[in-house]
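Commentary on secondary and tertiary structure
The residues making up each chain are set out below.
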Amino acid sequence: MQRKRCLQAYLTLLMLVCSMAAFAQTRQVTGTVTDEKTGDPLYGATIQARGTNYATVTDSTGKFQINVPGNASTLQVSSIGYASKEVPISGPVIRVQLTAFASSLDNVVVIGYGTVRKSDVTGAVNTLTTKDFQKGTVTSFDQMISGKATGVSITPNGGRPGAGSTILIRGLASLNGSNSPLQVVDGAPFDGYVNPNDIESVTILKDAASTAIYGSRASSGVILITTKSGLRGRPKINFNTLVSAGKVSNYVDVLNADEFRTLVTDHYDETYTALLGSASTDWQKEIYQTALTSNTNIAVSGTAKWLPYRISAGWLDQQGVLKTDLMQRGTASLKLTPSFFKKLLKVELNVNASTTKNRNANQSAISNAVIFDPTQSVNGDYGFGDYFQWLNADGTPNTLASLNPVALLMQQNDISRYNRAFGNLKLDLKLPFLPDLHLIANGGVDRSKTTGRTILDSLARNAYSATDDYTYRGSNHQYESDATNAFLEYTLNYTRELPNIRSNINAMATYGYYDYKSEWLNFATYDAYGALWPNTTPTYANGLDQHTLISYVGRLIYTYDDKYTLTASFRRDGSSRFAPANRWGTFPGVAVGWNIKKENFLSDVAALSDLKLRLSYGLTGNQDGISSYSYIPSYYLSNTTAMYQFGSTYYQMYTPSSYDAGLKWESTRSSNIGLDFGFFKNRLSGSIDLYRKYTFDMLSSVNLAAGTNFTNILTTNVGNMSSTGFELNLNAAIIRQKDIDWSVNFNTSHNESIIEKLQSTSASDKGVANTSAGVTGATGNYIEYNAVGNTPNSFLVYKQVYDAATGKPIEGVYADLTGDGAVTSGNDQYFYHAPYPKWLFGFSTNFRYKSITFNTVLRSNVGNYVYNNVAANLGTYALVALNGQLGNASRDIYNTGFAYRQLLSDYYIQNASFLKMDNISLTYDFGRVLRDHINLTLSANVQNVFTVTKYTGLNPEVYNGVDYQFYPVPRVYTLGLNLNF
Amino acid sequence: MKYNAILYNICILLAVVLASCDKKLDRNPINTTTAEDVFSTAEGTKQALAKVYGAFALTSSTATDASDIAGIDAGTSDFLRLFWMTQEAPTDEALCIWTSDPGVMDMDNITWTSSNVLLNGLYNRSIYQITVANSFLRETSSSTAVAEDTLAVYRAEARFLRAYQYWVLLDLFGNPPFLDENSTIGKEAPKQISRADLFDYVESELLAIQDQLLDAQTNEYGRADKAAAWALLARLYLNAAVYTGTEHYGDAITYATKVINSGYSLHTTYSHLFMADNNENNPETILSINYDGNYTQNYGGTTFIVNGAVNSSMSPSSFGIPGGGWGGLVARKPLPLLFGDDYTTSDDDRAMFYGTDYEITDESSFSNGIKVIKFTNKNSDGTTPTDASTFVSTDFPIFRLAEQYLIYAEATLRGGSGGSTSQALTYVNLLRSRANTTSLSTVSLNDILDERGRELYWECFRRSDLVRYGLFTTSGYLWPWKGGASTGTAVQSYFNLFPIPASDISANTNLTQNSGY
């Protein structure tokens with residue numbers, strides 16, 4: 001059946017190509033095209049006789065010469081960055097003035113597989129351009145748009161260089177599938193690294209009608225990144241460089257050496273007081289450093305003869321605040337946008353390449369620094385290099401003890417190299433006889449490779465065989481992986497103005513092929529002297545994971561009278577992750593827009609400059625987040641450490657894998673209603689959106705009826721989840737004068753996600769644990785559960801009982817919620833809040849006085865809760881001295897007085913709502929300097945300026961809601977220089 | 001025309017790509033194979049049989065931090081670790097002091113509910129092994145890759161292991177779901193089987209396979225033989241009154257006698273039964289779960305028992321675990337007291353303890369309680385296995401001759417036909433003399449319970465024994481922290497049986513919860 005469809009597409013195409021256009025008599029027209037404001041001639045503007053294939057472009061003086069058919073009456077004139085214009089052919093010489101867009105993106109909005117006029121947008125779409133981006137030491141696009149995009153929550157995955165962020169658009173759409181939005185760079189669906197300096201705009205598609213065009217990949221929204229293109233004219237060079245210093249602004253609150261000595265002396269006998277040292281070490285200060293960063297970028301852009309180009313290079317050298325962490329990254333990008341055959345063939349080539357060298361610090365130093373005994377000194381002779389380590393009474397290392405955090409850092413040398421290049425080539429052909437029809441071929445490849453080696457010193461305490469004779473010491477482990485992703489899309493796009501019936505048609509059909517492949521090698525581990533560590537030889541030398549998608553996409557955008565817009569889209573996706581019977585999913589979307597301001601009854605309301613209503617409905621699918629082969633029954637051989645002995649032989653075991661032959665698409669239905677408005681010539685503008693998402697056939701990990709598979713919990717299509725939300729975005733240009741300019745953006749959103757069904761609808765069912773958010777302090781505890789009637793990953797805890805007189809929590813005493821006279825696990829645990837914010841707020845303002853510009857970004861999350869695992873783990877008296885070692889306590893011990901860990905008490909679930917100043921910056925524009933050759937700008941900037949929160953841990957912004965071993969996000973001070981010439 | 005040539009080429013390319021579109025959606029994993037391939041060779045079939053066994057020795061086929069089952073910490077998801085936690089931790093023999101770990105405190109105090117993580121883990125582990133056995137039986141039903149008689153033995157062993165796990169479910173959970181080789185993967189939820197029906201099933205399976213299994217002591221080490229089936233039958237019949245209300249003491253005597261007459265003998269040195277090289281020169285063990293510090297690694301099994309019992313101040317090296325010693329398992333006071341007021345003065349070789357702190361004043365304290373050093377990772381000659389660090393090589397006996405002596409004796413004293421009181425006394429005294437302690441002149445049922453305590457402690461018998469003696473929940477016998485009270489208190493009688501885990505009650509609507517929960 002699919003084959004047949006392929007054939008049809010081909011035949012249709014062939015017919016279009018093979019038909020020929022008729023020729024007719026011609027006459028010559030000449031003229032110039034200039035910028036309306038400046039009068040500058042425009043180079044490369046397209047001139048075309050309307051309704052014909054007769055076209056030309058202007059030369060460097062803005063002049064053109066064109067032959068047009070005798071019956072042609074109108075010229076269409078267009079140029080990138082300018083509003084297109086139609087001029088009557090009133091004589092043999094024609095002068096055309098074009099009006100520049102304030103920004104080329106103000107009036108054209110990038111949507112999936114193309115662009116539309118802003119007035120034709122029918123979905124919930126957020127576009128951010130250079131002027132909106134956060135500034136300072138910004139090393140990835142997510143940092144640029146944090147706090148700027150309504151309904152988008154961007155939570156840093158800690159402060160490690162290159163750590164990235166967890167991006168959620170309109171909350172969760174899936175429990176086990178991926179909740180990461182699809183990233184598309186210049187039309188290529190690759191999540192590769194793009195240098196922020198190369199980014200011109202970031203567009204976020206939020207509602208299903210916008211994203212349905214991406215079908216199976218878009219349930220969590222789509223982020224479209226558009227890179228900067230070559231400019232017209234002579235080469236323009238942009239050079240910018242910045243240096244910054246990052247400092248840890250806040251430490252985990254543990255006892256200092258004197259307080260700790262007092263605690264141990266008060267609570268323990270000679271066995272443990274004898275272990276106290278005489279030093280006074282702040283271990284957290286020992287492991288952190290001032291992180292210096294330099295980031296330099298240069299870009300050249302212009303047009304060489306017929307070839308518009310932009311080429312850029314960047315070098316980033318970024319230390320982590322954790323000692324020994326270092327990232328060095330070189331990036332290069334190339335963008336070519338030439339046209340051939342009188343603009344009938346437009347070519348776009350994008351290449352982004354990066355090479356990264358990382359030295360990766362051992363992050364377990366973070367938790368060990370919190371827990372390590374502050375009375376011990378850093379150094380000393382304990383048999384493991386010049387570092388203090390805990391030993392047993394017999395002089396052997398205490399294997400249960402925590403490890404010297406400084407040694408963990410200094411004795412590890414983990415260097416990795418990561419190279420990635422991705423790019424795409426897009427050919428956009430107009431058919432000479434039918435210029436309204438574009439045939440677009442777009443293909444790309446994304447290659448990356450990681451190689452690295454982790455070396456632990458021969459004296460490292462965390463790498464020795466704890467055998468009687470320390471047979472193996474140190475370790476040397478190699479790793480290597482690479483990934484190749486590729487896609488190919490063919491698109492037919494037909495756009496047609498039909499002035500007679502006041503209509504505009506934009507129709508599109510696409511075939512797409514997408515392949516994602518990753519491969520890796522498995523290596524044995526050797527010790528520092530080259531001896532093979534026992535049992536580390538891998539069973540399989542290499543691994544492979546590959547999945548493929550094939551898509552058929554169609555879309556029609558119909559606009560009537562510039563007032564009413566209908567968008568209808570359709571996508572059919574096939575995924576290799578499902579059995580043939582369940583492979584294909586169909587994802588339609590429909591939306592309407594009503595430009596109310598253009599109605600006659602509003603034409604007199606001068607204060608109202610814009611009013612548009614948008615309604616949309618669509619279906620999207622998801623197959624990310626599940627393994628590539630989970631529908632296939634298979635057997636695999638066990639590892640050499642998992643063999644079974646028969647007689648005197650050990651056998652590797654052939655093991656059946658669990659599988660779900662019936663796995664199919666997870667689908668999300670969503671609807672959106674939105675209103676765009678503008679007042680006072682759009683000095684005040686904004687939008688309001690209300691949405692509802694409903695996910696069904698949800699990929700959820702659920703308990704299976706025992707015995708029905710080779711496991712008891714499996715990810716399968718069970719369950720429903722709904723999300724409802726509200727978004728408001730306001731922009732105000734408060735002052736707009738020559739010397740003073742002040743603008744403000746405010747955005748807020750509310751989202752509430754509820755699991756409506758899992759395998760059981762019973763409200764008493766406590767659901768299934770989120771095993772990716774484990775609890776430190778005891779083996780096998782989980783605190784986040786997915787259960788019906790609750791927000792995903794809600795905390796399942798006991799209700800703490802407090803002493804009425806002192807207000808302190810009473811150890812081990814919890815409310816008997818069932819009232820059966822006993823507090824029992826499960827039955828008396830209840831769901832108490834979730835890690836996701838209910839409200840997001842973003843506020844940014846830009847104030848310019850003459851050449852000085854000041855801007856700031858504030859961000860606030862409200863209603864997000866965090867499990868303070870650090871306090872829960874370390875806030876106990878009995879565990880300070882244990883197993884022949886001492887370990888520091890959280891200062892919270894004074895509040896609770898707990899002897900033992902009360903890990904599942906709701907006491908540790910804390911309100912982590914916060915207000916954060918993300919960014920504050922001051923820029924001075926020196927204007928043209930050096931004989932007018934160079935434009936110079938200097939800037940000073942502080943990131944992560946302050947945080948206001950009631951949360952008592954290190955940072956209220958914890959992406960999975962469990963705060964433990966969190967890599968601090970530093971406060972960063974940046975100085976920047978920007979030159980344009 | 002140049003332009004048209006480009007167009008033409010693109011169309012050709014388009015057609016080629018489109019024509020091959022669908023096939024690309026068939027992606028298959030590497031490093032895996034199909035059932036068909038596995039069972040087409042003798043080697044593959046035996047490696048699949050290894051998994052039927054390995055399911056109760058390992059948490060997974062990949063790594064120690066991975067598990068065949070979910071919803072529980074991987075290291076904890078091992079069969080023996082969970083079986084030990086349910087059979088020993090709630091009794092007078094042991095206490096687990098990792099009370100912050102989920103489910104542990106409720107196990108110590110007999111206050112568990114149907115959401116207990118450890119119970120959920122054990123239930124699913126047992127059913128997992130049953131599922132793997134079922135699939136082995138299904139895939140080998142018409143196999144020709146292995147000689148017919150060899151295959152018959154393999155299949156009988158798979159049925160034995162299935163029967164063993166059904167016995168575990170019968171003893172602990174009573175009324176589990178029932179699946180056999182006719183239950184296919186991914187299909188409808190299984191029906192529940194009643195405790196009495198399950199008893200009949202286990203009995204019938206063991207009787208059916210006894211002739212297909214190899215003769216006692218003729219199979220490879222680590223694989224079940226006829227004696228294993230008889231030993232399980234004897235155990236099943238001894239507890240029949242608990243399971244069905246009908247006594248089968250005569251049958252218990254019959255099958256215990258069959259085992260006793262199969263050529264096994266008591267190991268001359270009791271302590272060597274629980275050492276790293278107990279797979280060698282061991283005439284007593286009938287079937288064991290096999291572990292190896294290098295090749296069969298797991299954070300459960302004997303690794304759990306040895307490391308759990310030893311703490312860092314006891315010099316872990318002297319127990320063959322220089323990289324281990326977690327110190328979380330202790331004895332409750334009644335256990336060492338079985339050997340007199342001061343175990344250090346006992347002449348009984350089986351009094352293998354450490355420490356002087358009998359009283360447990362705080363269930364979470366790492367310093368309270370007598371340590372049990374019966375299991376060790378040392379070899380019988382005092383050496384430590386090569387590269388030993390944390391993982392233990394000691395095999396765990398699930399059936400050994402001593403238990404069969406005690407079954408004979410108890411069934412006889414309970415009035416079973418075919419046994420004699422004098423033979424019962426002889427058997428008990430054989431165990432005592434092997435331990436170099438004084439012989440008894442008479443033996444009562446209570447003596448048997450105490451002797452079982454001395455002989456079989458920490459070997460996962462105690463809860464079943466106390467249930468059979470009617471002492472597990474009642475006030476007839478109180479031990480420290482029974483019911484959560486430091487001096488012990490009676491608990492409701494429904495605690496004699498564990499609940500069906502809540503997760504399966506909600507996933508499988510065919511199931512009805514055991515009464516009381």
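Let me sum up the structure you'll find in this document. (Residues numbered from 1 in each chain as written. Chains lettered and ligands numbered in written order. Predicted model: local features only at pLDDT ≥ 70, side-chain atom pairs only at ≥ 80, totals over all residues. Heavy atoms only, no water.)

**Description of the overall build of chain B**
We count it as follows: Here a strand is any run of E in DSSP of at least two residues, a helix any run of H or I of at least four, and the numbering for each starts at the N terminus. The rule is simple: take the accessible area with a 1.4 Å probe, protein chains only, and divide by the maximum for that residue type; under 20% is buried, over 50% is exposed, in between is partly exposed. In this description, contact between two residues means that some pair of their heavy atoms is separated by no more than 4.5 Å. Here the open area of atoms and residues is found with the Shrake-Rupley method and a 1.4 Å probe, where only the protein chains shown may cover a residue. The charge count treats Lys and Arg as positive and Asp and Glu as negative. His and the chain ends do not count. Lysine's charge is taken at NZ, arginine's at CZ, aspartate's at CG and glutamate's at CD.
Across its full length, chain B holds 18 helices and six strands. Expressed as lengths along the three principal axes of its C-alpha atoms, the size of chain B is roughly 110 × 50 × 50 Å. When burial is assessed residue by residue, chain B has 65% of its 517 residues classed as buried. Across chain B, every contact between residues at least 6 apart in sequence was considered, and the portion connecting residues at least 24 apart equals 67%. Accessible area for chain B stands at about 16,300 Å²; split by element, carbon and sulfur atoms hold 48% of it. Taken as two groups, the 35 positive and 58 negative side-chain charges of chain B have centres that lie 4 Å from each other.

**Looking at the pattern of salt bridges**
Pairs may arise between side chains of opposite charge once their charged atoms sit close together. For the record, the criterion: Whenever Lys or Arg places a side-chain nitrogen within 4 Å of a carboxyl oxygen from Asp or Glu, that contact is recorded as a salt bridge.
For the coordinates displayed, the defined rule picks out 58 salt bridges over all chains. Of the charged contacts in the structure, one is a salt bridge between D446(A) and R420(A), with a shortest N-O distance of 2.5 Å. Residue D446(A) is located in strand β23 (residues 434-456), and its partner R420(A) is located in strand β22 (residues 412-431); the two are separated by 26 residues in the primary sequence. Here D446(A) matches R420(A) in class, with each residue buried. R859(A) serves as the salt-bridge partner of D918(A), at 2.8 Å between the closest nitrogen and oxygen. Highlighted residues: D918(A) in strand β53 (residues 914-929) and R859(A) in strand β48 (residues 852-862), separated in sequence by 59 residues. A residue is classified by how much of its surface remains accessible, and D918(A), at 11% relative accessible area, is buried. Overall, R859(A) belongs to the buried group, its relative accessible area being 7%. The network of salt bridges with common partners includes E284(B), D348(B), R350(B), K374(B), R400(B), R432(B), R434(B), E451(B), R454(B), E455(B) and E459(B).

**Observations concerning unusual backbone geometry**
All names here are of chain A. Non-glycine residue K342 carries a positive phi angle of around 55 degrees. One can find K342 in the loop between β20 (339-340) and β21 (345-359). Relative accessible area serves as the criterion here: at 60%, K342 is assigned to the exposed category. Positive phi outside glycine occurs at N944, with the angle close to 55 degrees. Position of N944 among the secondary structure elements: in strand β54 (residues 934-949). Given a relative accessible area of 11%, N944 falls into the buried group.

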